[in-house]
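# Summary of the model geometry
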Amino acid sequence: MSDFLDEGLLKDFFDEAYVQIDIMEENLLVLEKNSKDKNAIDAIFRAAHTLKGNSASVSMEEITTITHTLEDAMDQIRNNEIKLNSKIIDILLSTLDIIKNMVNSRNNGTVYKKNYSKVLNNLKSLGNAKAKDKETKKGEKSEETSPDEENILKNPKFKLSEYDIIELNDANHDRLPLYKVLIVLDETNPMRTVGGIQIFTSLREISTVLKTVPEFEEIYSDAFHKEIMYIIASKLNIEDIRDYATIPDATEKVIIMPLDDKNLKISSEIKKKDSISKPHDTIEEKIEDIKKDIIENVKKNIKEELNGDESEDDEINNLIEEQKTKYIEEKFSQKEKEEIKELKTSSILRVDSQKIDILLNLVSEIVINKSSYNQISNQLNDLLENSYLTNNEYKDNLKEIFDKIPYILESDKNELKIEELKAEFQQYFKNLNNKFDNIVNQLKSIITKYKSNNINLDRISSSLQEGVMHVRMVPIQQIFSRFPRMIRDLCRDLNKDIQLNIQGEDTEIDKAMIDFLMDPLIHIVRNAIDHGIERNDERKKINKPIPANLELSAVSQGNIINISISDDGKGIDLEKIKNRAIEKGIIDKDTALKDQDAYNLLFEPGFSTADKVTSISGRGVGLDVVRKNIEKLNGTIKVNSELGMGTIFTINIPLTLAIIQGLLVKVYNEIYSIPISSVLESIRIKKDEIKLIDNYEVVNIRNEVLSLLRINRLFKSGEDIKNDYYFVVIVGTQDKKIALLVDSIVGEEDIVIKPLKDKYTNTPGISGATILGDGTVSLILDITQLIELGLKIEEEARTKK
């Protein structure tokens, strides 16, 4: 890639590329049902055109080439030169798969290396008629230059110096023919300032642009350049290059001159002077330079000359990638390797501008609220100074009163009656008491304002928290949109007709959950198609409608997202489940199972009711992993089915993973947080209610015996505290429960989850941490792992018996 590309530009490219790929896939599936949908055809054409231009701007030639071919095919379809049928749709979808793999490879820091010549040739075959027509219309054009063109060529700024020749020779690694392409742009064209960029992008599709005059940064600016020169290396002939360098209504002249070999011969002395290496500014530059060296070395080691055979190109690419990976492993420092890894990953979130506007309004309210607090602070400072002055004045007046008392008492007692003396002292003290009235009134006013500000701050912070959560939220359509193509392909493989219905695709979910949810949903859908829904002939025999119905739906219920996957297939045979469980020794023959308990057996590791293993399902690996992935999201999964009518899987997950409700418990001197979604109940038990069975502690809660796990022993946070009563928190996931013994229950609180790093990430039973209001760090318990630990400890205790 070019040195002028930065990481931000690449992130934007990949984000936009995946959007365009989704648009193309979605509309190709629409065309499969209605080949005359002009809106879908136009949408695919625009998406291919956009992806072609974007990939050219970031030097991803393989993507540019195939999307350009796809764009040509869609243009012919758009102009009714090609009639769509199922075969052509298959070719277009196969092409899209290659494009998707190419983008994925680039996103992972590699180049797509598999041979896709068959797909590309199939795609090109769609446009053969148009290409032949273009060839017959293309006349032989003279390569001689006119007097005006000679004047342009003589322009000093387009002359190449000896050092320019050196740089061009060094940059032309593949030793392709070099051409000087001179463009004269029409200054009356409204798009004149971007004409140079458009031609640059177009030339990048079929060549390597080695140099531009003016420099690329100047062409990229808003300034208009009437004459621009490009030095390119390309395998194409002059007339083909001219097609790419010409923009109707924008280019006045296109002059293409080959650079003679004699101009490229350079003396070893000059090259030696110019070979002084400079330090690399970025990791990208270092990778690019190393890649160039490796390409040279690999191609030198291959004795056969290339004849354009794609298998040889693939072999060279494989060798280059192997050498590149090996070189990076040996020569790059650990820090540089981490930087390379960071370059490959990105996390981009598209946010509705209205959500940002809401946050900006809330921030402005916070600023106003902050000003109010500043005023309160200033008023309190002023009040404090006044209170000091008033207090001093009070002391002085009090001193005056006490100083007068002896004189009053020494006066003629007969002259002053007791009542008069009392009234006089009351007047003195009344004046003293009134001195603090003003301070009290001011303080009451400030407290009222402070309370009002607190209420506003609480409202704003709650709204801000909700607003930020909404920023993280994305439509669940990002998951659901991937299923139409998958179901279409599976239906073809299994010869089944299935109608997919999607409901609630606008339901929003935390972006962090998208990747975790994808695999479980894919597995459930594949199971429904392979096991649940009957073949067409079977449905016909039992008078079931064809196509079968498969529904994905999502709905928000408060702080919970409910996702359901339902089908109208044959349902789940409970007797078959029970028999298979008996065969595997999971249950005894005489065990009485409720329907829900039987359904839960499907989530046992290695459990499968499939009669044979297929490429789609039936390997006994799946639903147990599905449940674990859902539980990682603090969610639950449930199955309901009716034999002969269908099955429904229901998944409940929290709205977000960033902030959850937690139950705070104290163990010794530590406070732990338990996700409230995993808490079934909390009770207080007596000391003698704790029993030992096979050296393991248990408690009997309403005739249900539960294993007891002491948190202080598990995390070695302190000795057992001996009390007459203990607090026990009953937690569970699915059908598994365990009792946690704690010293006290602090209460419920919203907690912000902070991920653990370094050595703490592998601590069993801990999923994260949070900071409480007083600054204390509280560890968040992972209930699923705690239950597994409890079962493991119980098993070990029984073994030691």
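Treat the numbers as computed from the prediction; the structure is a model and nothing was measured. (Residues numbered from 1 in each chain as written. Predicted model: local features only at pLDDT ≥ 70, side-chain atom pairs only at ≥ 80, totals over all residues. Heavy atoms only, no water.)

### Comments concerning the overall build of the protein
The condition is simple: Counting from the N terminus, the helices are the DSSP runs of H or I reaching at least four residues and the strands are the DSSP runs of E reaching at least two. Buried, partly exposed and exposed residues are distinguished by accessible area as a fraction of the type maximum, computed with a 1.4 Å probe on protein chains only: under 20%, between the cut-offs, and over 50%, respectively. Whether two residues are in contact is decided by their heavy atoms, any of which lying within 4.5 Å being enough.
Helix and strand counts for the protein come out as 27 helices and 22 strands. Expressed as a percentage of its 801 residues, the buried residues of the protein come to 40%. For the protein, the share of sequence-separated contacts (at least 6 apart) that also reach a separation of at least 24 residues comes to 71%.

### Description of the sheet that holds strand β2 (residues 208-213)
Note the cut-off: Note on pairing: DSSP must find at least two bridges between two strands before they are called paired. For helices, the fitted axis covers only the stretch in contact; all axes are lines through C-alpha atoms, and the angles between them, taken along N-to-C directions, range from 0 to 180 degrees.
Ordered by their spatial adjacency, four strands build an open sheet running β2-β3-β1-β4, and the pairing between neighbours is antiparallel. The sheet is open, and its two borders are formed by β2 and β4 (251-258), each paired with just one other strand. Strand-to-strand twist across the sheet, computed as the mean angle between neighbouring axes with direction ignored, equals 20°. As judged from the seven bridges shared by strand β1 (residues 178-185) and β4, these two strands associate in the antiparallel manner. The residue bridging L182 from the neighbouring strand is I255, located in β4. Along the sheet, helix α11 (residues 238-245) makes contact with β1, β3 (227-233) and β4, crossing β4 at roughly 150°.

### Regarding the nonpolar core
Rule in force here: We define the nonpolar core as a collection of buried residues of types Ala, Val, Leu, Ile, Met, Phe, Trp, Tyr and Cys that are connected through side-chain atoms lying within 4.5 Å of one another.
Of all hydrophobic cores here, the largest spans 49 residues; its most connected members are F483, I487, L550, I563, I565 and I653. Among the elements that line this core, the one with the most residues is helix α21 (residues 511-532), at nine residues. For L550, the residues in contact, after removing those within four places along its chain, are I487, I498, Q499, L500, N501, V525, A528, I529, I533, I565, S566 and D567. If you look at the next biggest cluster of nonpolar residues, it comprises 41 residues, including L10, M60, I82 and Y112.

### Things to note about α21
How we decide: In this analysis, the expected span of each helix is defined as 1.5 Å times one less than the number of residues it contains. The term bend refers to the angle at a residue between two fitted axes, each drawn through seven residues, those ending there and those starting there.
Here α21 contains 22 residues, and its C-alpha end-to-end distance of 30 Å stays within 8% of the 32 Å for a straight helix at 1.5 Å per residue. At L517, α21 shows its maximal bend, which comes to roughly 40°, and the proline P520 appears one to four places after that position.

### Quick word on the packing of α21 against helix α25 (residues 623-632)
Spelled out, the test is: By the definition adopted for this analysis, an angle is roughly parallel if under 35 degrees, roughly antiparallel if over 145, roughly perpendicular if from 65 to 115, and oblique otherwise. Handedness of a crossing follows from how the near helix is turned relative to the far one, being left-handed for an anticlockwise turn of less than a right angle and right-handed for a clockwise one. The residue classification treats Ala, Val, Leu, Ile, Met, Phe, Trp, Tyr, Cys and Pro as nonpolar and Asp, Glu, Lys and Arg as charged. All others, Gly included, are polar.
Orientation of α21 relative to α25, taken along the N-to-C sense of each, is 150°, at an axis distance of 9 Å. Taken together, the axes of α21 and α25 lie roughly antiparallel to each other. Here the hand of the crossing between α21 and α25 comes out left-handed. Here F516, L517, P520, H523, I524 and N527 of α21 come into contact with α25, specifically with L623, V626, N629 and I630. In the contact of α21 with α25, the residues fall into seven nonpolar, three polar and no charged.

### Describing the environment of N169
In this structure, N169 sits in helix α8 (residues 162-171). Distance in space between the C-alpha atoms of N169 and L210 is 9.6 Å, their sequence separation being 41 residues.

### Examining the sheet that holds strand β12 (residues 659-667)
On the basis of which strands lie adjacent, the open sheet formed by five strands has the order β20-β12-β13-β22-β21 and mixed pairing. This sheet does not close on itself; its edge strands, each paired only once, are β20 (744-752) and β21 (766-771). Each strand axis lies, on average, 35° off the axis of its neighbour in the sheet, ignoring direction. The pairing of β12 with strand β13 (residues 670-675) spans six bridges and is classified as antiparallel. By the bridge assignment, L663 is partnered in β13 with I674.

### Remarks on the pairing of β12
When you tally the buried positions in β12, you get seven out of nine residues, the bulk of the element. What sits between the antiparallel neighbours β12 and β13 is a turn of two residues, in which Y668 has the positive phi angle 55°.

### Let's talk about the pattern of salt bridges
The test is simple: The salt bridge definition used is simple: a Lys or Arg side-chain nitrogen within 4 Å of an Asp or Glu carboxyl oxygen.
By the definition in use, this model includes 27 salt bridges. For R485, the salt bridge goes to E25, with nearest N and O atoms at 3.2 Å. Here R485 is found in helix α20 (residues 483-494), whereas its partner E25 is found in helix α1 (residues 7-33), with 460 residues between them in sequence. We classify R485 as buried; its relative accessible area is 8%. Salt-bridge contacts for D489 lead to R488; the nearest nitrogen and oxygen are separated by 3.0 Å. Exposure remark for R488: the relative accessible area of 13% places this residue in the buried category.

### Considering a nonpolar patch on the surface
For clarity, the cut-off: Exposure above 30% relative accessible area and the lack of any salt bridge qualify a residue for a patch; like charges then connect within 9 Å, and the nonpolar side chains Val, Leu, Ile, Met, Phe, Trp and Tyr within 5 Å. Per-residue and other accessible areas follow the Shrake-Rupley method at a 1.4 Å probe size, with only the shown protein chains counted as cover for residues.
A surface patch of nonpolar side chains, amounting to about 230 Å² of accessible area, comprises V351, I356 and L360. Looking at the secondary structure, you find V351 in the loop between α15 (334-344) and α16 (353-410). Of the residues examined, V351 reaches a relative accessible area of 30% and is grouped as partly exposed.

### Overview of helix α23 (residues 574-583)
The cut-off we apply is this: The directions considered for the arc run from the helix axis to the C-beta atoms. Two N or O atoms form a polar contact when they lie within 3.5 Å of each other; inside protein one atom must be a possible hydrogen donor and the other a possible acceptor, and for residues adjacent in sequence the pair counts only when both atoms belong to side chains.
Among the residues of α23, those classed as buried are L574, I577, R580 and A581. The buried residues of α23 occupy an angular sector of 130° when projected down its axis, which confines them to one face. Buried residues in α23 make contact with α24 (595-600). Its side-chain oxygen at 3.1 Å from the backbone nitrogen of E575, D573 defines the N-terminal cap of α23. Just past α23, the residue G585 takes up positive phi, approximately 75°.

### Points about the packing of aromatic side chains
Selection rule: Aromatic pairing here means that ring centres of Phe, Tyr or Trp (its six-membered ring) are within 6.5 Å. Orientation follows from the plane angle: under 30 degrees is stacked, over 60 is edge-to-face, and everything else is tilted. Over a ring means this: the NZ of a Lys or the CZ of an Arg is within 6 Å of the ring centre and within 35 degrees of the ring normal.
Using the criterion set out here, one finds four aromatic pairs in the structure. Note on Y672 and F715: the rings are 5.6 Å apart at their centroids and 25° apart in plane angle, and the pair reads as stacked. One end of the pair, Y672, is in strand β13; the other, F715, is in the loop between α26 (711-714) and β18 (725-733), with 43 residues separating them in the sequence. A relative accessible area of 4% places Y672 in the buried class. One residue, R78, lies across the ring of F45, its end atom 3.7 Å from the ring centre. Just above the ring of Y725 sits the side chain of R684; from NZ or CZ to the centre is 4.2 Å.

### Looking at the confidence of the model for the protein
Quick note on the threshold: Confidence per residue, as judged by the predictor, is encoded in pLDDT with a range of 0 to 100.
The predicted model of the protein averages 76 in pLDDT, with 77% of residues at 70 or higher. Confidence drops under a pLDDT of 50 for residues 129-144, and excluding neighbours within four residues, the segment shows ten contacts in the predicted structure. Here residues 327-346 is modelled with pLDDT under 50, and outside its nearest four sequence neighbours on either side it reaches 26 contacts, counting other chains as well.

### With respect to the pairing of β1
For β1, the buried fraction is high: eight of the eight residues fall into the buried class. The alternating pattern of β1 places L178, K180, L182 and V184 and Y179, V181, I183 and L185 on opposite faces, both of which are buried.

### As for unusual backbone geometry
Note the cis peptide between V213 and P214, where omega equals 0°. Locating P214 in the fold gives a position in the loop between β2 and α10 (216-220). Following I546, the chain continues into P547 via a peptide bond in cis, with omega recorded as 10°. Considering the arrangement of structural elements, one finds P547 in the loop between α22 (536-541) and β8 (548-557). A positive phi is found at Y668, a non-glycine position, where the angle reads about 55°. Relative accessible area serves as the criterion here: at 37%, Y668 is assigned to the partly exposed category. The phi dihedral of R702 is positive, around 50°, even though this residue is not glycine.

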